[in-house]
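# Secondary and tertiary structure notes
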Amino acid sequence: MSGCQMDANTVRPIRFFNGTCQMLDQRLLPAEVVWHNYKDYQAVAEAIRNMVVRGAPAIGVAAAIGAWLGARDIETESSEEFFAEFTRICDLLVATRPTAVNLSWALERMKRFAHANLDRTVLELKIGLEFEALAIAQEDEQRNKKMGRHGEGLIPDGARILTHCNAGALATAGYGTALGVIRTAVAAGKKVSVIVDETRPFLQGARLTTWELQKDKIPVTLICDNAAGYLMSQGEIDCVIVGADRISANGDVANKIGTYTVAVLAKEHNIPFYVAAPISTIDLSLSDGSQIPIEERDAREITHFKDVQLAPEEIAVRNPAFDVTPNRLVTAIITEHGVAQGSYRKNLAEFVSKG
Ligand code: MRU
């Protein structure tokens, strides 16, 4: 991201400089490392929808940058007309994926900035919105590092940690949420190893989490999603840590499909189940997880692998992309403002109020 200090080896899935946005195509990793250029909001919306960029905080950052690209191209001298068109662009971006609340969190922040500055010229609004998008990205990475510091105390030295999906640098502006906690534990000198669920059908675990951890030389072992219970029963998992796409006020957690299954298994085996997420993932407007919208994706993600057909033609398919883990199965929720344990409703509200 322009204007911020970078550690040389850190993966960042979104770059934004000189009015151009580049995104790492996460559909192609790890076989190919391909960056695409984005010059307008429609192309960014498409990249979010088809998962060039994915992961709750990362799609929030991408949407904010998309909103700025849209703002930049609005042709009017009137701030009111500008705001009406900007709102239309944000509405289009927010509709790209329904479950991760980070998308609307980032776009609401962009709209709030524009609305609060309607007395400025359109040019000033455009410049301000570019800085706002950059700030959203930079703060996300800083918040992940804080989250890592709060969470690493929960990870014992020598822990064998199970994770599901990808809650790493690739899913954020950088560093990661669940993987950020693991990275901080490693930086603190703990010798941990990570067991990664492959995460059917998009294979975020097999393709992305393994790639990130291998780059960081953190010991990593890939398993089939359905092997997690067996490994737990054999005493081979010490704790579970995952990210989240939306957390309701009572601490119910929407995350990648299969997370709920892992949480039930962890409870059965008395294994702590941790969730790491920034406050941009907490949705206090929803009292509990039953209100979280769950995205259903294309059947082809299941019936095919790339162009190879795996299932019979015309087969009926359900492809929910997320599930909801009830708060009773969650041992703790790690945020940038601290660790919530037990009384989630009170703790989460307190963390959100800190901004
Ligand atoms: O469909 P995806 O790949 O966008 O889903 C991502 C996840 O479910 C992640 O676990 C979640 O966004 C946490 S990211 C820090």
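Residues numbered from 1 in each chain as written. Predicted model: local features only at pLDDT ≥ 70, side-chain atom pairs only at ≥ 80, totals over all residues. Heavy atoms only, no water.

As for its placement among the helices and strands, Lys190 is situated in the loop between helix H6 (178-187) and strand S5 (193-197). Given the relative accessible area of 18%, Lys190 is considered buried. Here Lys190 is in contact with Glu152, Gly153, Ile155, Pro156, Asp157 and Ala185, once residues within four sequence places are set aside. A distance of 2.7 Å separates polar atoms of two side chains, one belonging to Lys190 and the other to Glu152. Among the polar contacts listed, one links the side chain of Lys190 to the backbone oxygen of Ile155, at a separation of 2.8 Å. (Helix = DSSP H or I, 4+ residues; strand = E, 2+ residues; numbered from the N terminus. Buried < 20%, exposed > 50% of the residue type's maximum accessible area, 1.4 Å probe, protein only. Contact = heavy atoms within 4.5 Å. Polar contact = N/O pair within 3.5 Å; in protein donor to acceptor, adjacent residues only side chain to side chain.)

Nonpolar side chains collect at one region of the surface, where Leu123, Ile127 and Phe131 lie side by side and expose about 330 Å² of accessible area between them. Mapped onto the elements, Ile127 comes out in helix H5 (residues 122-151). (Patch = residues over 30% accessible without salt bridge, like charges linked within 9 Å, V, L, I, M, F, W, Y side chains within 5 Å. Areas by Shrake-Rupley, 256 points an atom, 1.4 Å probe, with all protein chains shown as cover. Salt bridge = Lys/Arg side-chain N within 4 Å of Asp/Glu carboxyl O.)

Roughly 590 Å³ of internal volume is contained in the largest pocket. If you go around the largest pocket, you meet 19 residues; those closest to its centre are Arg27, Phe202, Glu301, Phe305 and Lys306. Only helix H10 (300-303) and strand S12 (304-305) provide two or more residues apiece to the lining of the largest pocket. When its residues are assigned to classes, the lining of the largest pocket shows eight nonpolar, two polar and nine charged. (1 Å grid on protein atoms, 1.4 Å probe; cavity = no way out; pocket = protein on both sides within 12 Å on 5 of 7 lines; lining within 4 Å. Points joined across faces, edges and corners; volume = space filled by probe spheres on them. Nonpolar A, V, L, I, M, F, W, Y, C, P; charged D, E, K, R; others polar.)

Below, the discussion takes up the packing of aromatic side chains. Under the definition given, this model contains two aromatic pairs. Summarising the aromatic geometry, the rings of Phe16 and Trp68 are spaced 5.4 Å apart at their centres and angled 65 degrees between planes, so their arrangement reads as edge-to-face. Residue Phe16 is located in strand S1 (residues 14-17), and its partner Trp68 is located in helix H2 (residues 56-72); the two are separated by 52 residues in the primary sequence. The same class applies to Phe16 and to Trp68, which are both buried. Each ring, one from Phe82 and one from Phe86, has its centre 6.0 Å from the other, and the planes form 5 degrees; the classification is stacked. Within this pair, Phe82 and its partner Phe86 are both found in helix H3 (residues 79-94), separated by four residues, close to a single helical turn. Looking at Phe82, the relative accessible area reads 0%, which means it is buried. (Phe/Tyr/Trp six-rings, centres within 6.5 Å; stacked < 30°, edge-to-face > 60°.)

This part takes up the domain arrangement of the protein. With domains assigned, the protein is organised as domain 1 (14-145) and domain 2 (150-353). Between the C-alpha centres of domain 1 and domain 2 the distance comes to 25 Å. Contacts between the two partners involve 29 residues from domain 1 and, on the opposite side, 35 residues from domain 2. Interface area, domain 1 with domain 2, both sides summed: about 2700 Å², of which 56% is carbon and sulfur. Summed over the shared surface of domain 1 and domain 2, the number is two salt bridges. Joining domain 1 to domain 2, the criterion identifies 19 residue pairs in polar contact (both at pLDDT 80 or more). At the level of secondary structure, the elements contributing two or more residues to the side of domain 1 that touches domain 2 comprise H2, helix H4 (102-116) and H5. The element contributing the most residues to the side of domain 1 that touches domain 2 is H5, with six residues. Across the side of domain 1 that touches domain 2, the residue classes break down as 15 nonpolar, six polar and eight charged. (Domains from an automatic or database assignment. Buried area = accessible area lost by both parts, 1.4 Å probe.)

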